[in-house]
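Remarks on the overall topology
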Amino acid sequence: MTNQIKVLAIDDEVDFCYFIKKNLTQSGLFDVVVANNGADGIKLARKEKPDIILLDLFMPDIPGEDVAAELKDHPATADIPILYITALASNDEIVEGESNKMGDNYIMAKPVRTKKLIETIMKILGQSY
Amino acid sequence: MATQIPRKRTIFFIRLMVVITTAYFILLSPVAGKELEIYGYIFIAVYLMTNLIVAYIPEKYFHDNRIFYGFILCDSILLPAGIYFSGYIGSDLYLMFFFIISLTTMSSRFGYLMINTFLFCLIYLWLLHEKGVLTGPKAGAYLIQIPFIIVIAIFYGYLITTRLKDKDMRINEVRQRYEQVVQATDVLMSIVDRDGKLKFANDIFARFYGYHEDKRLAGLTIAQVNAEDASEADKLLDYVQSVYQKNDMVRYESYNKKHNLWFANTLGPIRDPSTGDVLDVCVISKDITDRIEKEKKLNNTVELLIKTRDQLIQQDKMAALGRMASGIAHEIRNPLEIIYMGIDYLENNIAHQDPQIDGSIEKIYKAANRADNIINNILSFSRKSEYKITQIPVCQLLDNTLVLANQALHKGHVTVKREYETESLEAAGDYNMLEQVFLNLINNAIDAMKESTEKRLTIRASGKIISEIGYKTGYRYTDFFRIGEKKIVVEISDTGKGMSKDVQSKIFEPFFTTKSVNEGTGLGLSIVHMIIERLSGTIDVTSEENKGTTFYVNIQPQIKKVVAEEGQYDKSDQSSGY
C-alpha cells in the first residue's frame with residue numbers, strides 16, 4: 001500500500017467525488033480521500049499530505065484558485081502538485097494552449113474519462129503507468 | 001381687394017335725377033317758345049329711353065370703360081342741350097357752369113382744358129350772337145361772362161389736374177412698392193390664365209428659364225417656357241385647372257430635372273372682385289432643395305440609427321447568449337462528468353456477458369458525447385479563443401479543407417469543381433478558424449445535396465474591388481468593407497435542395513436548423529457567421545429552392561484591417577464578464 005499514490009479530490013459535486021474515488025481506487029494505484037468544499041479540502045490536505053490534489057475551480061465556499069493559493073502558501077502543502085478539473089473551459093482550449101497549465105497548476109476540462117485522468121496524474125507525477 | 005361700387009345703379013339714379021330736373025326746367029319754362037316745346041318732349045323721351053337701356057344692361061358691362069364713359073358723353077351732350085332748350089331764366093349760367101365742370105373733369109391735362117375752354121367760349125359767343133343779345137343794351141353784361149368762364153376754368157382745372165397728379169403719383173408709388181416686393185423675393189412668381197398662358201412673371205422667374213427680360217416671356221405658355229420638362233409643365237397646368245375648379249389655393253412640390261432643384265409651389269386664385277370667380281392664377285415657386293437635402297440626410301441618419309440599433313441588439317443578444325452559454329456549460333458538464341465517470345465504473349464492474357447491457361452503456365456514452373458537443377459549440381460563442389491573424393494562402397487552405405472533407409464528399413458521391421482566380425490569392429485570418437468555416441460550409445453543402453440527382457460542389461476564390469455596400473442576408477451592416485477597396489471572396493456553391501427566403505433569413509440565428517435532431521445543433525452557421533465577423537469579414541447567401549445554394553465569404557486581403565477589429569472583440573469579451 002505504501003507505493004500507492006495518495007490523491008485528494010476537492011469538489012462540491014458529491015457524486016463526482018464518489019465515482020473518482022471508486023474508479024481510481026479500483027485501478028489499484030491510488031488511495032483517494034475526498035473533500036466536498038474548499039475549507040475541508042485545505043484541512044485535509046494539511047492532514048493527509050497527498051501526492052496530488054484534484055481541485056474544482058468553481059466551488060460555493062472558496063473558489064478553487066484561492067484554495068490553491070492557500071495550499072501553496074503553507075509549507076506543508078506548498079510542494080503538492082494541483083490539477084484543476086473544471087467545467088468552465090473546453091478540452092479544445094486547454095489542448096490548444098501552450099501547456100495544460102493555469103499559472104503554476106495543471107488544468108483539465110470536464111468531462112474527464114478515468115483513463116485520461118490516470119494518464120494525466122501519472123504524467124504530472126512523472127511515473128510510468 | 002376692395003369691392004367696387006356697383007356702377008349701373010349709380011348711373012341709373014343720377015341720370016334719373018338729371019332727367020327729372022331738366023324736364024322740370026323744360027316743361028315749366030315761362031319763356032319757352034311754343035315752337036321749341038316739341039324738342040323738349042323729344043329730349044325727355046330720349047333721356048328716359050337711354051335710362052331704360054341702362055336698367056336692362058347687365059352690371060358687368062358698366063365695368064367696361066367704353067360703355068361707362070359712352071353714357072357720360074351722351075349725358076354731357078343731352079344735358080346742356082336740355083338746359084339750352086329750356087330757355088329758363090339764367091339757363092345760360094347753368095349751361096356755363098355745366099360746361100366748366102364737365103370740361104374740367106373730362107380733361108386729363110391742363111393744356112387740353114384750355115383748348116376746350118377756348119372752343120366753348122367761341123360756341124357760347126355764337127349762341128349769344130344768334131340770340132341777338134350782343135347788340136342789345138345788355139351786351140356788356142353778356143360779354144363779361146367770357147373771361148369769367150376762362151378764370152373759373154383755369155381755377156378748377158388747376159385744382160383738378162393737381163389732384164389727379166397727386167392721385168397718380170400715389171398709385172404709382174403703391175404699384176412700385178408691389179413691383180419691388182415681387183422682384184425682391186427669392187421666389188419664382190408668375191400669373192397664368194386658364195390656358196397656362198403667362199400674363200406676368202418676375203425677373204427671377206425669367207432668369208430661371210433663361211429669359212433676360214420678362215417682356216420676352218409675355219404671351220408664352222407654361223409648356224413653351226418649360227419645354228425641357230413637358231411632364232412637369234403638364235402637371236402645373238393640371239394644378240392651375242384645379243385652382244379654377246376649387247376656387248381655392250393649391251400646394252404641391254416639384255422637381256426640376258435640369259437644375260436639379262426642388263420647389264414648393266403655391267397656386268393662388270386671382271379673383272374677380274365683384275363676382276369672386278377665378279380670373280387668373282398666381283404661381284409662386286420656392287426653392288426647397290436645401291430642406292429636401294436635409295430631410296434626405298436626416299432620413300439616412302435615421303435609417304443608419306435603426307440599423308445600428310438592430311446591430312447593437314444583435315450584439316447584445318450574442319453577448320447574453322455567451323454569458324448564458326458559459327453558465328449552461330458549467331451546469332451541464334458537472335452532471336455529464338458524473339455520467340462519464342459512472343459509465344467508466346459500470347464498464348469496470350460488469351461481466352460483459354450481456355451484449356444488451358454493453359449496447360445500453362454505449363448508447364448512454366453516445367448521448368453524453370452529443371450533449372458535450374453541443375456545449376462545446378455553445379461555448380464557441382462566448383469563449384475568448386486565442387487566434388492568430390496571418391496572411392493565408394487561400395487556395396491552399398481550401399484544398400486542405402477539401403482533404404478534410406474528402407471522406408464525406410466521397411460518401412455523398414459529390415463531384416468537386418475548383419475555380420481559383422489565381423493560386424497566389426492571400427487573405428488575412430486565423431488558419432484554423434477559416435478552415436472550420438469552410439469545412440462547415442462544405443459539410444452543409446454535402447448534406448443539402450443528399451437527395452439531388454446532380455451533386456456538384458463548386459468552390460470559387462477571387463479578389464474583387466468593392467463596388468457597392470450591401471448584404472443579401474445576415475443582420476450586421478458593417479463598414480468592414482469600403483467602396484473601392486479590395487476583398488477576397490470565396491464562393492461555396494452546391495446543387496442541393498436550396499432554401500426558401502424565410503429559411504435564408506434565419507440560417508445564421510443560433511439554434512436554427514432544418515436538420516433532424518441527430519444531425520445538427522443549429523449552431524454551425526452561427527459560429528461561421530461569428531468567426532467571419534471576428535475576422536472583419538461578411539457572409540452572404542443566395543439560394544433557390546431545388547436549384548442550389550451559394551455562400552459568399554468576404555474576407556480581408558490584409559492583416560491591418562483585421563487587427564483593428566480584433567481589439568474591439570477583446571474589449572467586448574471582457575465586458576461580457578467571462
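Structure first, text after, so check above.
So, here is what we can say about the structure in this document. Computed from a predicted model, the values in this text were never measured in an experiment.

The rules behind the values
Residues numbered from 1 in each chain as written. Chains lettered and ligands numbered in written order. Predicted model: local features only at pLDDT ≥ 70, side-chain atom pairs only at ≥ 80, totals over all residues. Heavy atoms only, no water. Pairing = 2+ DSSP bridges. Helix = DSSP H or I, 4+ residues; strand = E, 2+ residues; numbered from the N terminus. Axes fitted to C-alpha atoms, helices over the stretch in contact; angles between N-to-C directions. Contact = heavy atoms within 4.5 Å. Left-handed = near helix turned anticlockwise from the far one by under 90°. Nonpolar A, V, L, I, M, F, W, Y, C, P; charged D, E, K, R; others polar. Phe/Tyr/Trp six-rings, centres within 6.5 Å; stacked < 30°, edge-to-face > 60°. Buried < 20%, exposed > 50% of the residue type's maximum accessible area, 1.4 Å probe, protein only. Lys NZ or Arg CZ within 6 Å of the ring centre and 35° of its normal.

1. Overview of the sheet that holds strand β3 (residues 250-256) of chain B
Residues and elements named next belong to chain B. On the basis of which strands lie adjacent, the open sheet formed by five strands has the order β2-β1-β5-β4-β3 and antiparallel pairing. With one partner strand each, in any of the chains shown, β2 (198-201) and β3 form the two edges of the open sheet. With direction set aside, neighbouring strand axes in the sheet form an average angle of 25°. By the bridge criterion, nine bridges tie strand β4 (residues 261-271) to strand β5 (residues 278-287) in an arrangement that is antiparallel. For Ala-264, the partnering residue across the bridge sits in β5 and is Lys-286. Sheet strands touched by helix α10 (residues 230-246): β1 (188-192), β3, β4 and β5. Its angle to β3, the strand with the most contacts, is close to 175°.

2. Observations regarding the packing of helix α15 (residues 431-448) of chain B against helix α17 (residues 524-534) of chain B
Residues and elements named next belong to chain B. The N-to-C vectors of α15 and α17 enclose an angle of 145°; their axes lie 10 Å apart at closest approach. Crossing of α15 against α17: the hand is left-handed. Residues Met-433, Leu-434, Gln-436, Val-437, Asn-440, Leu-441 and Asn-444 of α15 form the contact with α17, whose own contacting residues are Gly-524, Leu-525, Ile-527, Val-528, Ile-531 and Ile-532. A per-class count over the contact of α15 with α17 returns nine nonpolar, four polar and no charged.

3. Some details on the sheet that holds strand β10 (residues 486-493) of chain B
All names here are of chain B. Ordered by their spatial adjacency, five strands build an open sheet running β7-β9-β10-β12-β11, and the pairing between neighbours is mixed. Every interior strand has two partners, whereas the edge strands, β7 (415-420) and β11 (538-544), have only one. Each strand axis lies, on average, 15° off the axis of its neighbour in the sheet, ignoring direction. As paired elements, β7 and strand β9 (residues 456-465) share six bridges and run parallel to each other. Counted as the bridge partner of Val-416 is Leu-457 from β9. Helix-sheet contacts for helix α13 (residues 394-404) involve β7, β9 and β10, and the interaxial angle to β7 is about 175°.

4. Thoughts on the packing of aromatic side chains
Per the stated rule, a full pass over the model turns up ten aromatic pairs over all chains. Between the aromatic rings of Tyr255(B) and Trp262(B), the centroid separation amounts to 5.1 Å while the plane-to-plane angle is 45°, which identifies the pairing as tilted. Both rings, one in Tyr340(B) and one in Tyr365(B), keep their centres 5.9 Å apart while their planes meet at 70°; by these two values the pair is edge-to-face. Taken together, the positions of Tyr340(B) in helix α11 (residues 289-349) and Tyr365(B) in helix α12 (residues 355-382) put the pair 25 residues apart, joining distant regions of the chain. Taking relative accessible area as the criterion, Tyr340(B) reaches 3% and is therefore assigned buried. For Tyr365(B), a relative accessible area of 26% puts it in the partly exposed group. Members of the aromatic cluster, joined through ring pairs, are Phe205(B), Phe208(B), Tyr209(B) and Phe263(B). Here the basic side chain of Lys110(A) rests over the ring of Phe16(A), its NZ or CZ set 4.7 Å away from the ring centre.

Functional significance is not addressed by these values, which are geometric in nature.
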